[in-house]
Amino acid sequence: AAGVIQSPRHLIKEKRETATLKCYPIPRHDTVYWYQQGPGQDPQFLISFYEKMQSDKGSIPDRFSAQQFSDYHSELNMSSLELGDSALYFCASSRLAGAYNEQFFGPGTRLTVL
Amino acid sequence: DQQVKQNSPSLSVQEGRISILNCDYTNSMFDYFLWYKKYPAEGPTFLISISSIKDKNEDGRFTVFLNKSAKHLSLHIVPSQPGDSAVYFCAASSGGAGSYQLTFGKGTKLSVIP
């Protein structure tokens with residue numbers, strides 16, 4: 001079965017640079033979520049999109065922005081990168097049907113900021 | 001403030017025996033609970049879920065129990081297999097309140113000893 005695809009899998013950037021992470025949801029899934037997992041931490045919700053509109057917002061810094069495109073893929077744009085942005089970034093997708101939805105996660109993008 | 005708590009960072013179980021992973025939550029708005037399994041360098045894999053209107057859900061070797069009055073849930077794995085060795089995350093959402101973001105616990109590392 002098709003899974004959530006994330007690219008790139010690994011990314012190394014310098015401080016103050018920008019980074020773009022991409023997420024391709026499972027076919028027919030209309031909702032995309034972004035999570036950040038720091039070393040030894042639990043995943044923290046950043047932002048989500050349903051039908052290309054922002055649906056929920058968590059602890060996403062103002063330096064980050066995201067959007068969902070017409071083909072339902074999503075991109076997380078990160079600017080003015082800081083050392084503390086080094087983390088695993090997961091994208092998840094779901095088919096929003098009612099109040100109960102399982103989110104299926106991609107393999108993650110490991111971002112290292114030097 | 002950790003709204004989902006997994007108080008045992010690690011658990012070791014003999015192969016063939018039962019593994020019981022526990023999770024407590026504080027937010028009474030949570031109405032949907034999920035368990036995810038995570039291997040290193042991979043994204044979380046959905047295992048099983050339960051809505052707040054139920055107290056038990058079973059899927060093969062995995063059973064989740066929910067005690068709403070105690071704000072406690074547990075995942076039982078019977079029989080445990082070496083391939084079950086991974087980090088298990090408990091997660092919760094409050095879809096009934098229109099918020100589908102997942103709030104995770106810090107995870108429990110399960111080791112199944114052959």
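What comes next is a walk through the structure. Given the structure is predicted, the values throughout are model-derived calculations rather than measurements.

## Thoughts on the interface of chain A and chain B
Often, the extent of an interface is quoted as the loss of accessible area upon association of its parts.
Here comes step 1: At the interface, 23 residues of chain A touch 23 residues of chain B.
Here comes step 2: Both sides together, the interface formed by chain A and chain B hides about 1800 Å², and carbon and sulfur atoms give 57% of it.
Here comes step 3: There are 1 salt bridge connecting chain A and chain B.
Here comes step 4: Between Asp42 of chain A and Lys106 of chain B there is a salt bridge, with its nearest N and O atoms 3.0 Å apart.
Here comes step 5: Summed over the shared surface of chain A and chain B, the number is 9 residue pairs in polar contact (both at pLDDT 80 or more).
Here comes step 6: Of all the secondary-structure elements, those providing two or more residues to the side of chain A that touches chain B are strand E4 (31-37), strand E6 (53-57), strand E9 (87-94) and strand E10 (104-105) of chain A.
Here comes step 7: Ranked by the residues each element gives to the side of chain A that touches chain B, the list is headed by E4 of chain A, at 3 residues.
Here comes step 8: Of the residues belonging to the side of chain A that touches chain B, the class tally is 12 nonpolar, 6 polar and 5 charged.

## What about the pattern of salt bridges?
Residue and element names in this part refer to chain A.
Here comes step 1: For the structure shown, the criterion picks out 8 salt bridges over all chains.
Here comes step 2: With a closest N to O distance of 3.9 Å, Glu51 and Lys52 form a salt bridge.
Here comes step 3: The class of Glu51 is partly exposed, set by a relative accessible area of 30%.
Here comes step 4: Between Glu82 and Arg63 there is a salt bridge; the shortest N-O distance is 3.4 Å. Within this pair, whereas Glu82 is found in the loop between strand E8 (74-78) and E9, its partner Arg63 is found in the loop between E6 and strand E7 (64-68), the two being separated by 19 residues in sequence.
Here comes step 5: One continuous salt-bridge network, built from bridges that share partners, spans Arg63, Glu82 and Asp85.

## A few points about the packing of aromatic side chains
Here comes step 1: Inspection of the entire model under this criterion finds 12 aromatic pairs over all chains.
Here comes step 2: Seen in terms of ring centroids, Tyr35 of chain A and Phe104 of chain B are 5.7 Å apart; in terms of plane orientation they differ by 90°. Their pairing is edge-to-face. Taken together, the positions of Tyr35 of chain A in strand E4 and Phe104 of chain B in strand E10 (residues 99-104) put the pair across two chains. When sorted by exposure, Tyr35 of chain A lands in the same class as Phe104 of chain B, which is buried.
Here comes step 3: Members of the aromatic cluster, joined through ring pairs, are Tyr35, Phe45, Phe90, Phe104 and Phe105 of chain A together with Tyr36, Phe46, Phe89 and Phe104 of chain B.

What counts, and where the lines are drawn
Residues numbered from 1 in each chain as written. Chains lettered and ligands numbered in written order. Predicted model: local features only at pLDDT ≥ 70, side-chain atom pairs only at ≥ 80, totals over all residues. Heavy atoms only, no water. Contact = heavy atoms within 4.5 Å. Buried area = accessible area lost by both parts, 1.4 Å probe. Salt bridge = Lys/Arg side-chain N within 4 Å of Asp/Glu carboxyl O. Polar contact = N/O pair within 3.5 Å; in protein donor to acceptor, adjacent residues only side chain to side chain. Helix = DSSP H or I, 4+ residues; strand = E, 2+ residues; numbered from the N terminus. Nonpolar A, V, L, I, M, F, W, Y, C, P; charged D, E, K, R; others polar. Buried < 20%, exposed > 50% of the residue type's maximum accessible area, 1.4 Å probe, protein only. Phe/Tyr/Trp six-rings, centres within 6.5 Å; stacked < 30°, edge-to-face > 60°.

Treat this as a map of the structure, not an account of what it does.
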